[in-house]
Amino acid sequence: MSFKTFAAEALADYKTTGAVAPSSRYLARAMLAPLTLKPGCVVVELGAGTGVMTQALLDKLPARSTLLAFEINSRFHDFLKKKISDQRLVLLKRSAEHLKEELQKRGHQRVDGVVSSLALGFFADPDRRALLESFLPFMDENSVYTQYQYIQGMELNGRRLRRFSVRPLLREYFSSVQCKTIWRNIPPAFVFACRK
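What you see is a predicted model; the values in this text were computed from it and never measured. (Residues numbered from 1 in each chain as written. Predicted model: local features only at pLDDT ≥ 70, side-chain atom pairs only at ≥ 80, totals over all residues. Heavy atoms only, no water.)

Caption draft 1: Representation of the overall build of the protein within the structure. Counting secondary structure elements, the protein contains 8 helices and 9 strands. Split into buried and exposed, the 196 residues of the protein put 50% on the buried side. Contacts spanning at least 24 positions in sequence make up 66% of the contacts within the protein whose residues lie at least 6 apart. (Helix = DSSP H or I, 4+ residues; strand = E, 2+ residues; numbered from the N terminus. Buried < 20%, exposed > 50% of the residue type's maximum accessible area, 1.4 Å probe, protein only. Contact = heavy atoms within 4.5 Å.)

Encoded structure:
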């Protein structure tokens, strides 16, 4: 998908896009670096977008593994469906709130990683918490959750924008929250690697 097409989609439906540009390879690399992926592992991707993270995950994912990728934006979902053909990928046109249901339906009792590109600043606080609580029971001490947040960190509160940092919320749910700044992305972003 061209940058022009991505930008048009971002302007048309920013709430489901949550970005002004596709993720850079540097951001994708930082998001995946904390993951330990072994054959047979299960990884969940929230907000697959145009597939930058999806393709990077598939490049790193061993054989006999599963990637459940959630994407609610119709244009991005259809683009990914045409662009990526890989038997390890389960592409779902469903919101992240269905994560628990989709894992249980497929018989997965644990996940090795959750990679989130969701713009949590656009979620109401109860929805952010519900999202984290939906996959925490599937994580163990070796599982990793990665989340990025643009450096300017904005939250949509009603119809007003204000500063927002996801770090305090993550610290409520995870015993280890590490942060790295990725400058080579538009815009620059913080990458959080979280463990129970």
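Here the narrative resumes.
Caption draft 2: Expanded view of unusual backbone geometry. Pro187 follows Ile186 through a cis peptide bond whose omega is -15 degrees. By the secondary structure assignment, Pro187 is in the loop between β8 (176-182) and β9 (189-195).

Caption draft 3: Focus on the pairing of β8. In this structure, β8 lies alongside β9, joined through 7 bridges in antiparallel fashion. In the strand pairing of β9, Ile182 is matched with Ala189. From the end of β8 to the start of β9, which pair antiparallel, there are 6 residues. (Pairing = 2+ DSSP bridges.)

Caption draft 4: Layout of the environment of Phe123. Mapped onto the elements of the fold, Phe123 is located in the loop between β4 (113-116) and α7 (125-135). For Phe123, the residues in contact, after removing those within four places along its chain, are Leu118, Arg128 and Leu131.

Caption draft 5: Looking closely at helix α3 (residues 25-32). The complete set of buried residues in α3 reads Leu27, Ala28, Ala30, Met31 and Leu32. Elements that come into contact with the buried residues of α3 comprise α4 (52-60), β4, β5 (144-150), β8 and β9.

Caption draft 6: Broad picture of the sheet that holds β4. Spatially, the 7 strands line up as an open sheet ordered β3-β2-β1-β4-β5-β9-β8, and their pairing is mixed. The open sheet is flanked by β3 (89-92) and β8, the only strands paired with a single partner. Across the sheet, the mean angle from the axis of one strand to that of its neighbour is 15 degrees, orientation sign disregarded. As paired elements, β4 and β5 share 4 bridges and run parallel to each other. (Axes fitted to C-alpha atoms, helices over the stretch in contact; angles between N-to-C directions.)

Caption draft 7: Structural view of the pairing of β4. Of the two faces of β4, the one lined by Gly113 and Val115 and the one lined by Val114 and Ser116 are each fully buried. With 4 bridges joining them, strand β1 (residues 42-46) and β4 adopt parallel strand pairing. Looking at β4, one finds that Glu45 is bridged to Val115. Traced from β4 through α7 to β5, the parallel crossover comes out right-handed. (Right-handed = clockwise from strand over helix to strand, strands pointing away.)

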